[in-house]
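Topology and contacts: notes
Letter by letter, the chains look like this.
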Amino acid sequence: MAKTDLEVHDDKPLTIAEFEAIAKTKLKQQVWDYYVSGAEDQISIQRNREAFTRLIIRPRVFRDVTKIDTAATLFGKEYAFPVGISPSAYQKLVGGDGELDVARAATGRKTLMILSTNATCSCEDVIDAAGGPDAHFWFQLYVSQNREKSARLIRRVEAAGYKALAVTVDTPVLGNRINERKTQLILPAPLSLPNMEDTDPDRSKKPSLNRELLQATNRQEADRVQEAARERGLLNDPSLTWNETIPWIRKQTSTMKVVVKGVMTAEDALLAVEGGADAIVVSNHGGRQLDGVSSTVEALVEVVDAVKGRVPVLVDGGITRGSDVFKCLALGADFCLVGRPALWGLAYDGRRGVEMVLDILERELSRTMALSGARNLQEIQRGMLGVERRDGFGIAKL
Ligand SMILES: Cc1cc2nc3c(=O)[nH]c(=O)nc-3n(C[C@H](O)[C@H](O)[C@H](O)COP(=O)(O)O)c2cc1C
Ligand SMILES: CCCCCCC(=O)C(=O)O
C-alpha cells in the first residue's frame, strides 16, 4: 500500500526550508558559515533558487493518475526516484556518523549517493554502511596535482565497488567565499580525510588549506601556500583539460563510468560528450565557485539541447521542492541531486533526518506529477512549463 503523508511525517519539519532553519540553530557558527555560503556576493546561489520561481507549470488534467511511478534508471540501475545526493565535504562536522549516515539513508530510500573526495569517512566504510556494492554509489574525484595519488585513489574506489567517478571540473582554484575567510573552518582532531591520504596529525592546529588559500592577499603569499599544499599533494590540479584529463582517468579504471560534474555551457557539454564522458552534471557547485554564473536550471536548457540524449544529464543547485525536480525533468534532466538539503537533514537527526528530507522531495514530486497529469517520468515534458511573457500578459510555453 502506498504510504500517506501522515505515515511518512509523523513529526515536523515538513519542508526543506524548515530543516534549514533548524540546522542553523544546531550547527556551530563556523560550520554553518561553511555549508550555507556561496561565493562573493551570493548572486549565483540566489539565482539558483529564483530561476525555479520563474518557471511556471502548465498542468494537464483528467489523465487517470491513480498510479504514479517515479522510478528512474541511470547506467542500468533503477533508483526509486530521480533525486540523489551531491557530494559535499566533511560531513562528520554536520552530525551523526556523517557520510555513513548519508549512505544509510540513500540506500534506505533506494537512491544515489555521490561521496566526496574530501569525505570524513573512508570510501570502503561508506560502501559497507550502504550494504555493499549493490548500493550503486558514485565517487566524486578531485584530481590532485600528485597524479600518482589520484591514480591510487581511483584504484581504491574501484575495488571498493563504486560504479562511477564524478570528476569535478569547476574547481581549478577555490571560489572566493567570504564567510569562510572570516570564520575559520576547523576539522577537529579525531576527524580526518581518509580518502586523501592526509594523515597530518597536527592538522587541527593549523588553519585549513581552504582558508590559507583564500586568506592570501597577494600573489607571493598565494604562491607560498600553493607550493606547500602541492608538496602535500592536497591541491586540485588546475592544469586539467578536455584533451588530457578524461583519457587519463579512463586509463586508470576498467569498470567505472566517467561523469563530468560542473558543466554550465552547451560548448563544454559538447566537449564532454565528444571527449567520451558517460554523463554530465550541470552544476555551479551550489554557487560556491564562480559568482555571477547563471542558475543551473537555466544552464540545463542549453546543455540538454546540445547533448541531444547521447548521455544522461544530471543537475544540482537550489533544489528544495519536488516541484523543482519536476521542472528540471521537464527541461530534460534525467536525474537531480541535492547538496545542502541532505546536510540539513543530517544536522536534524543523522540518518533519519536525511531520510525525511528524501521523503519530502519524493512525496512532493509524486504529488506534483499527479496534479500535472504525468504518470511517470517520461510523461513530464517541456511543454508542461512556461515563463511569463515579456511582451504582454500571459505565459509563453517553453
Ligand atoms: C559545504 C559544501 C561542500 C561541498 N563539497 C563538494 C565536494 O567536496 N565536491 C564537489 O564536487 N562538490 C562539492 N560541493 C558542491 C555540491 O556537490 C553541489 O554541487 C551543490 O551543493 C548543489 O547545490 P545545493 O547545495 O543548492 O543543492 C559542496 C557543496 C557544499 C554546500
Ligand atoms: C581545494 C578544493 C577543496 C574543496 C573542498 C570541498 C568543496 O568542494 C567545497 O565546496 O567546499
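Residues numbered from 1 in each chain as written. Chains lettered and ligands numbered in written order. Predicted model: local features only at pLDDT ≥ 70, side-chain atom pairs only at ≥ 80, totals over all residues. Heavy atoms only, no water.

Attention now goes to the packing of aromatic side chains. Within the structure shown, the criterion is met by seven aromatic pairs. Judged by centre distance (4.8 Å) and plane angle (80 degrees), the ring pair of tyrosine 34 and tyrosine 35 falls under edge-to-face. Neither tyrosine 34 nor tyrosine 35 differs from the other in exposure class; each is buried. Both rings, one in phenylalanine 139 and one in tyrosine 162, keep their centres 5.7 Å apart while their planes meet at 75 degrees; by these two values the pair is edge-to-face. On the criterion of sequence distance, the pair formed by phenylalanine 139 in strand β6 (residues 138–141) and tyrosine 162 in the loop between α7 (147–160) and β7 (164–168) is long-range, its members being 23 residues apart. For tyrosine 162, a relative accessible area of 2% corresponds to the buried category. Grouping aromatic residues by their ring pairs yields a cluster made of Tyr34, Tyr35 and Tyr90. A cation sits over an aromatic face here: lysine 257 above phenylalanine 75, 5.5 Å from the ring centre. Its guanidinium or amino end placed over the ring of tyrosine 34, arginine 288 lies 4.7 Å from that ring's centre, counting from NZ or CZ. (Phe/Tyr/Trp six-rings, centres within 6.5 Å; stacked < 30°, edge-to-face > 60°. Buried < 20%, exposed > 50% of the residue type's maximum accessible area, 1.4 Å probe, protein only. Helix = DSSP H or I, 4+ residues; strand = E, 2+ residues; numbered from the N terminus. Lys NZ or Arg CZ within 6 Å of the ring centre and 35° of its normal.)

Further remarks concern the site of ligand 2. Tyr34, Tyr142, Arg177, His285 and Arg288 are the nearest of the ten residues found near ligand 2. One of the side-chain nitrogen or oxygen atoms of tyrosine 34 is found 2.5 Å away from an oxygen atom of ligand 2. The side chain of tyrosine 142 places a nitrogen or oxygen atom 2.4 Å from an oxygen atom of ligand 2. Taken together, the residues of the shell around ligand 2 break down into four nonpolar, four polar and two charged. (Near = heavy atom within 4 Å. Polar contact = N/O pair within 3.5 Å; in protein donor to acceptor, adjacent residues only side chain to side chain. Nonpolar A, V, L, I, M, F, W, Y, C, P; charged D, E, K, R; others polar.)

We now examine the nonpolar core. Buried together is how nonpolar side chains tend to be arranged in soluble globular proteins. Counting 115 residues, the largest nonpolar core has Phe137, Tyr162 and Ile280 as its most contacted members. Looking at this core element by element, the count peaks at 14 residues for helix α15 (residues 340–372). In this structure tyrosine 162 touches Leu115, Cys123, Val126, Ile127, Phe137, Trp138, Phe139, Val157 and Met256, once residues within four positions along its chain are discounted. (Core = buried A, V, L, I, M, F, W, Y, C linked by side-chain atoms within 4.5 Å. Contact = heavy atoms within 4.5 Å.)

What the eight strands build is an open sheet, ordered β4-β11-β10-β9-β8-β7-β6-β5; its pairing is parallel. Each edge of the open sheet carries a strand with a single partner, namely β4 (83–85) and β5 (114–115). Both β5 and β6 contribute to a ladder of two bridges, which runs parallel. The residue bridging isoleucine 114 from the neighbouring strand is tryptophan 138, located in β6. Sheet strands touched by helix α11 (residues 242–252): β6, β7 and β8 (257–263). Its angle to β8, the strand with the most contacts, is close to 145 degrees. (Pairing = 2+ DSSP bridges. Axes fitted to C-alpha atoms, helices over the stretch in contact; angles between N-to-C directions.)

Another point: helix α4 (residues 43–54). Compared with the 16 Å implied by 1.5 Å per residue over twelve residues, the 16 Å span of α4 between its first and last C-alpha is a close match. Where α4 is concerned, the buried positions are Ser44, Ile45, Asn48, Ala51 and Phe52. One side of α4 carries all its buried residues, which in axial view fall inside an arc of 125 degrees. Looking at the buried residues of α4, the elements they touch are α3 (29–36), α13 (296–307), α14 (322–330) and α15. (Expected span 1.5 Å × (residues − 1). Arc of directions from axis to C-beta.)

The subject of this paragraph is the UniProt feature "binding site: glyoxylate" (unreviewed entry) in the chain. Look at the UniProt record and you will see "binding site: glyoxylate" (unreviewed entry) annotated at Tyr34, Tyr142, Arg177, His285 and Arg288. As for the annotated residues, the ones lining the second largest pocket are Tyr142. For tyrosine 142, a relative accessible area of 16% puts it in the buried group. Aside from chain neighbours lying at most four places away, what touches tyrosine 142 is Thr117, Asn118, Ser150, Thr168, Thr171, Asn236 and His285. If you trace the backbone, arginine 288 turns up in the loop between β9 (279–282) and α13. (UniProt positions renumbered as here; feature names shortened; annotations may be inferred. 1 Å grid on protein atoms, 1.4 Å probe; cavity = no way out; pocket = protein on both sides within 12 Å on 5 of 7 lines; lining within 4 Å.)

Let us now look at the site of ligand 1. Close to ligand 1 lie 22 residues, the nearest being Pro87, Ser116, Thr168, Asp316 and Gly339. For ligand 1, a nitrogen atom lies 3.3 Å from a polar atom in the side chain of tyrosine 142. Measuring from an oxygen atom of ligand 1, one finds a side-chain N or O atom of serine 283 at 3.1 Å. When isolated, ligand 1 has an accessible area of 600 Å², and the protein chains bury 97% of it. Classifying every residue of the shell around ligand 1 gives seven nonpolar, eleven polar and four charged. (Areas by Shrake-Rupley, 256 points an atom, 1.4 Å probe, with all protein chains shown as cover.)

For the rest of this paragraph, the subject is the packing of α7 against α11. Viewed as axis vectors pointing N to C, α7 and α11 meet at an angle of 50 degrees, and their least axial separation amounts to 9 Å. In terms of their interaxial angle, α7 and α11 are classed as oblique. Considering only the axes of α7 and α11, their crossing is right-handed. For the pair formed by α7 and α11, the contact residues are Arg147, Ser150, Ala151, Ile154, Arg155 and Glu158 on the first element and Glu244, Thr245, Trp248, Ile249 and Gln252 on the second. Here the contact of α7 with α11 is built from residues that sort into four nonpolar, three polar and four charged. (Parallel < 35°, antiparallel > 145°, perpendicular 65-115°, else oblique. Left-handed = near helix turned anticlockwise from the far one by under 90°.)

Here the focus is the layout of surface pockets. For the second largest pocket, the calculated volume is near 520 Å³. If you trace the second largest pocket, you find 27 residues lining it, with Val169, Asp170, Thr171, Pro172 and Gly262 closest to the centre. Tallied by class, residues from the lining of the second largest pocket come to 14 nonpolar, ten polar and three charged. (Points joined across faces, edges and corners; volume = space filled by probe spheres on them.)

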